Every structure is written in structure tokens, then in C-alpha cells.
Amino acid sequence: MPPTHRAKRRLGDLEAWLSGSEYLAGTFSVADIMMSTVLRLLDSSGLLEQFPAVSAYQARCMNRPAYARAMAAQVALYAPKQAAA
């Protein structure tokens with residue numbers, strides 16, 4: 001099975017789930033931070049445009065303050081260390 005077909009099948013499953021729920025576990029959780037981060041890998045693929053509930057979910061997650069804090073903390077782990085003065 002081609003990778004695109006597998007991705008579309010999984011996105012279809014996620015689309016069905018999110019059509020009845022705003023977040024994976026009902027309320028925003030670490031699962032949503034993880035999933036929306038994975039979905040970012042598909043941003044330039046055009047696949048998410050075919051799944052409106054998934055696309056809306058990703059936007060909802062990324063617009064949450066907790067998401068922004070988690071991403072900032074993740075990026076900070078890889079930032080160059082400042083030399084002590």
C-alpha cells in the first residue's frame with residue numbers, strides 16, 4: 001500500500017473521530033500537543049486540506065496558549081546556550 005494511501009486512511013480515521021469531538025481525549029491534553037505536532041509534518045503536503053475536521057483541529061490546538069508554551073519549551077532545548085557573563 002503506498003504511503004499516501006496509508007496516510008489518507010489514518011487521516012480519515014482521525015477525521016471521523018474529530019467530527020464528534022474537539023480534542024482526542026475530550027479536553028485538551030498532551031495527546032493533542034503530540035498529534036498536532038505530528039500533523040505539522042503534513043502542512044506542505046496538501047493532505048490536510050482533504051480533511052476539514054483534522055485541519056480545524058490542528059488550528060485549534062496550535063492556537064492554544066498551552067501549545068505555544070510546550071513548543072517554546074521544546075525549541076528552548078535546542079537553542080544555543082548563552083555564555084555566563
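Residue indices follow the written sequence of each chain, beginning from 1 at its first position. Residues qualify for local features only when their pLDDT is at least 70, as the model is predicted, and side-chain atom pairs are given and counted only at 80 or more; totals for whole chains, interfaces and linings, by contrast, use all residues. Computation of side-chain values: all heavy atoms of the structure, hydrogens and water removed.

Trainee: I tried to follow helix α2 (residues 30–40) on my own but got confused; where do I start?
Mentor: For an α-helix, 3.6 residues make a turn, and residues three or four places apart therefore share a direction. Among the residues making up α2, those that are buried are Asp32, Ile33, Ser36 and Leu39. Down the axis, α2 shows its buried residues gathered within 130° of arc, on one side only. Seen from the open side of α2, the exposed residues pointing more than 90 degrees away from its buried face are Val30 and Met34. Only protein chains enter the calculation, and the probe is 1.4 Å; a residue is then buried if its accessible area is under 20% of its type maximum, exposed if over 50%, and partly exposed in between. Elements are defined by DSSP. Helices are runs of H or I of four residues or more, strands are runs of E of two residues or more, and each kind is numbered from the N terminus. The directions from the helix axis to the C-beta atoms are what the arc is built from.

Trainee: What's the story with the nonpolar core in this structure? I'm lost.
Mentor: A general trend in soluble globular proteins is that nonpolar side chains are found buried together. Each nonpolar core is a collection of buried residues, namely Ala, Val, Leu, Ile, Met, Phe, Trp, Tyr and Cys, held together in the definition by side-chain atoms within 4.5 Å. Counting residues in hydrophobic clusters, the biggest one holds 16 residues, and the most contacted among them are Leu11, Leu18, Phe28, Leu39, Val54 and Tyr57. The set of elements that each furnish at least two residues to this core consists of α1 (3–18), α2, α3 (52–62) and α4 (65–76). With four residues, the top contributor of residues to this core is α3.

Trainee: For this particular structure, what's the right way to read the environment of Met34?
Mentor: Turning to its location among the elements, Met34 is positioned in helix α2. Judged by its relative accessible area of 54%, Met34 falls in the exposed class. Sequence separation of Met34 and Ala70 is 36 residues, and the distance between their C-alpha atoms is 10.0 Å.

Trainee: Which parts of the structure should I look at to understand the confidence of the model for the protein chain?
Mentor: Every residue is assigned a pLDDT by the predictor, reflecting its confidence on a scale from 0 to 100. Per-residue confidence for the protein chain averages 89 on the pLDDT scale, and 94% of its residues sit at or above 70. Highest mean pLDDT in the protein chain belongs to α3 (95); lowest belongs to α4 (87).

Trainee: Would you explain the packing of α2 against α3 in this entry?
Mentor: The relative placement of two packed helices is expressed as an angle between their axes plus a distance between the axes. Axis definition: a line fitted to C-alpha atoms, limited for helices to the stretch in contact. Angles are taken between N-to-C directions and run from 0 to 180 degrees. α3 packs onto α2 with a crossing angle of 115° between their chain directions and a minimal axis gap of 9 Å. Crossing angle aside, the handedness with which α2 passes α3 is left-handed. Every residue of α3 that contacts α2 at Ala31, Asp32, Met35, Ser36, Leu39 and Arg40 is listed here: Val54, Tyr57, Gln58, Cys61 and Met62. Residues belonging to the contact of α2 with α3 are distributed by class as follows: seven nonpolar, two polar and two charged. Left-handed is the label given to a crossing in which the near helix is rotated counterclockwise from the far helix by less than a right angle, and right-handed is the label when the rotation is clockwise. Only heavy atoms matter for contacts: two residues are in contact if any of them lie within 4.5 Å across the pair. Each residue gets one label: Ala, Val, Leu, Ile, Met, Phe, Trp, Tyr, Cys and Pro are nonpolar, Asp, Glu, Lys and Arg are charged, and the others, such as Gly, are polar.

Trainee: What is the right way to read the side chain of Gln58 from this model?
Mentor: Positionally, Gln58 belongs in helix α3. Those residues within four positions of Gln58 in sequence are excluded, and the remaining contacts are Ser36, Leu39, Arg40, Asp43 and Leu48.

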